[in-house]
Amino acid sequence: MIVQAAQELLEALALAIGRGVSIDNPEGRVIAHSAHHGDADPVRAEAVLSRTVPAEVSRWQDAHGIRRATRPVHVAANPRLRMSARLCVPLLHRGTRLGYLWLIEGDRHLTVPERERAVADSQAIAALLGEGPGSRSGSSGLLRTLLTAKAPGPRAEAEAALIARGAVERDGAIRIAVVEGTAGDPARGLGDRVPGVVARAGVERHLALLLSPDARLATLAERFVPGPGVRVGVSALHPRLADARQAHRQALAAARAVRAEPGLGPVLAWERLGVYRLLAEYGHGVVTGDPLDRLRERDARGTLLATLERYLDTGCDAQETARTMHLHRTSLYYRLGRIEEITGRSLRDGRDRLELHLALKLARWTGV
């Protein structure tokens, strides 16, 4: 959903020029569209229905330079993609790229007056999106409430408002990122628009970012790690906005792991925490995603688990492990290879060995 006044401008523009008009956000999600006026090609029809621009179409549009453009750009037709020619008008407000206004041209380019009308209306729409209730500044307070409010009522209201503002889809997946180590107010000096970041808020001593599923860690590293001492922790992908608090805890844990062991960073995703993931989850009284889960499923008799524990207990001494388990050395190496294959961990990596060893001892401690 976009600001109502912006939607009205969109409909008025479409009616005036007799063309269907739509708006995509910078991540390629369709956030508004007018009536088609008979000119919708298959690409636009699919995008409106799915609310997402197909990846091939996005690459074709990007090849015309729309992400750097400050003026209207003609995007050529692509018969292979069943895509008509269209005009892209960047939606810019105070240096921030809020999205793109699209008009299907087909075989007839817009006249000069129609083009001028499209540019003027796009500027008005950008101002409404940048300053209205759907603006980033409004989303900041809502995200802070969602992540920090103790009572469920305010959190539910903030969640509903973020969905209504178009920050995320009602059933859209999200990630949370945490940026630590910035000087002063963490919400300042980091730019107004980063691809994949749909809302941001200063929370205590860090900056919290609400990410869309297509956010790239490499982009976060490039934009949010300008100097030494800056850390970015990123949660796992969660299926809905209601999981934001759990995602926030994961992102905080990832940033804390980078603080404890800088070699893991400067950007670290929850899935790659290793032993620190176990420590973080155990601290909250629950362990999910145990690295031994798949091994337990594939090792009904517990032979591989016993071999792994004995091998780690002996300090990875293969000769001693084989002797005490009455195994031929070749059989031991076969079992160790199977353990690496099933767990996805390397027994030659000290961090992986520590994660597996701690998981084994936690299982004994908790009686699993």
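The following refers to the structure shown.

About the cut-offs
- Residues numbered from 1 in each chain as written.
- Predicted model: local features only at pLDDT ≥ 70, side-chain atom pairs only at ≥ 80, totals over all residues.
- Heavy atoms only, no water.
- Helix = DSSP H or I, 4+ residues; strand = E, 2+ residues; numbered from the N terminus.
- Buried < 20%, exposed > 50% of the residue type's maximum accessible area, 1.4 Å probe, protein only.
- Contact = heavy atoms within 4.5 Å.
- Salt bridge = Lys/Arg side-chain N within 4 Å of Asp/Glu carboxyl O.
- Pairing = 2+ DSSP bridges.
- Axes fitted to C-alpha atoms, helices over the stretch in contact; angles between N-to-C directions.
- Core = buried A, V, L, I, M, F, W, Y, C linked by side-chain atoms within 4.5 Å.
- Parallel < 35°, antiparallel > 145°, perpendicular 65-115°, else oblique.
- Nonpolar A, V, L, I, M, F, W, Y, C, P; charged D, E, K, R; others polar.

### Let's talk about the overall build of the protein
Turning to step 1, where the next piece is worked out: Across its full length, the protein carries 14 helices and 10 strands.
Turning to step 2, where the next piece is worked out: Within the protein, the fraction of its 368 residues that count as buried is 47%.
Turning to step 3, where the next piece is worked out: Across the protein, the fraction of contacts at a sequence separation of at least 24, relative to all contacts at a separation of at least 6, is 57%.

### Observations regarding the pattern of salt bridges
Turning to step 1, where the next piece is worked out: Within this structure, the stated rule accounts for 17 salt bridges.
Turning to step 2, where the next piece is worked out: Aspartate 24 is the partner of arginine 44 in a salt bridge, and the nearest nitrogen-oxygen pair spans 3.6 Å. A residue pair is termed long-range when its members are at least 10 positions apart, and arginine 44 in helix α2 (residues 42-50) and aspartate 24 in strand β1 (residues 21-24) qualify at 20 residues. Like arginine 44, the residue aspartate 24 is buried in the burial classification.
Turning to step 3, where the next piece is worked out: Between arginine 345 and glutamate 355 there is a salt bridge, and its shortest N-O distance comes to 2.8 Å. Of the two residues, arginine 345 is situated in the loop between α13 (329-343) and α14 (350-366) and glutamate 355 in helix α14; the sequence distance between them amounts to 10 residues.
Turning to step 4, where the next piece is worked out: Judged by relative accessible area, glutamate 355 falls into the buried class, the value being 3%.
Turning to step 5, where the next piece is worked out: Residues joined in a network through salt bridges with shared partners are Glu180, Arg231 and Arg259.

### A word on the sheet that holds strand β7 (residues 197-203)
Turning to step 1, where the next piece is worked out: Read from one edge of the open sheet, five strands run β7-β8-β6-β9-β10, paired in mixed fashion. One side of each edge strand has no neighbouring strand; the edge strands of this open sheet are β7 and β10 (267-269). Averaged over all neighbouring strand pairs, the angle between strand axes comes to 20 degrees, with direction disregarded.
Turning to step 2, where the next piece is worked out: Pairing of strand β6 (residues 175-180) with strand β9 (residues 231-234), which is carried by four bridges, proceeds in the antiparallel orientation. Across the sheet, the residue bridging to valine 178 is glycine 233, located in β9.

### Concerning the sheet that holds strand β4 (residues 86-93)
Turning to step 1, where the next piece is worked out: Overall, antiparallel pairing links the five strands, which are arranged β2-β1-β5-β4-β3 in an open sheet. At either margin of the open sheet sits one strand with a lone partner, and together these are β2 (30-33) and β3 (73-75). Averaged over neighbouring strand pairs, the angle between their axes works out to 25 degrees when direction is ignored.
Turning to step 2, where the next piece is worked out: Summarising the sheet, β1 and β2 pair through three bridges and their orientation is antiparallel. Bridge assignment links aspartate 24 to a residue of β2, and that residue is valine 30.
Turning to step 3, where the next piece is worked out: This element, α2, spans β1, β2, β4 and β5 (96-104) of the sheet and lies at about 110 degrees to β2.

### Observations concerning the nonpolar core
Turning to step 1, where the next piece is worked out: If you look at the biggest cluster of nonpolar residues, it comprises 23 residues, and the most contacted ones within it are Val168, Ile176, Leu210 and Leu241.
Turning to step 2, where the next piece is worked out: Isoleucine 176 has contacts with Leu147, Leu209, Leu210, Gly233, Val234, Ser235, Ala244, Ala247, His248 and Ala251, leaving out every residue within four places of it along the chain.

### Topic: the side chain of serine 34
Turning to step 1, where the next piece is worked out: Tracing the backbone shows serine 34 in the loop between β2 and α2.
Turning to step 2, where the next piece is worked out: Judged by its relative accessible area of 5%, serine 34 is buried.
Turning to step 3, where the next piece is worked out: Those residues in contact with serine 34, other than ones at most four positions away along the chain, are Leu10, Glu11, Ala14, Arg19, Gly20 and Val21.

### Brief notes about the packing of helix α11 (residues 303-313) against α13
Turning to step 1, where the next piece is worked out: Running from N to C, α11 and α13 cross one another at 105 degrees; their axes reach a closest spacing of 10 Å. When the axis of α11 is compared with that of α13, the two are roughly perpendicular. Here α11 contributes Thr303, Leu304, Thr307, Leu308 and Tyr311 to the contact with α13, which in turn contributes Leu332, Arg335, Leu336, Arg338, Ile339 and Ile342.
Turning to step 2, where the next piece is worked out: Residues of the contact of α11 with α13, tallied by class, amount to seven nonpolar, two polar and two charged.

### Looking at the pairing of strand β8 (residues 206-211)
Turning to step 1, where the next piece is worked out: Across the six residues of β8, six count as buried, placing the element largely inside the fold.
Turning to step 2, where the next piece is worked out: Here β8 shows two buried faces, one formed by His206, Ala208 and Leu210 and the other by Leu207, Leu209 and Leu211.
Turning to step 3, where the next piece is worked out: The pairing of β6 with β8 spans five bridges and is classified as antiparallel. If you follow arginine 175 over to β8, its bridge partner there is leucine 211.
Turning to step 4, where the next piece is worked out: Two elements, β7 and β8, share six bridges in a ladder whose sense is antiparallel. In the sheet register, valine 203 faces β8, and the bridge partner there is histidine 206.

### Notes on the environment of glutamate 157
Turning to step 1, where the next piece is worked out: Checked against the element boundaries, glutamate 157 lands in helix α6 (residues 152-164).
Turning to step 2, where the next piece is worked out: For glutamate 157, a relative accessible area of 61% translates into the label exposed.
Turning to step 3, where the next piece is worked out: The spacing of glutamate 157 and leucine 142 is 15 residues in sequence and 8.6 Å in space, taken between C-alpha atoms.

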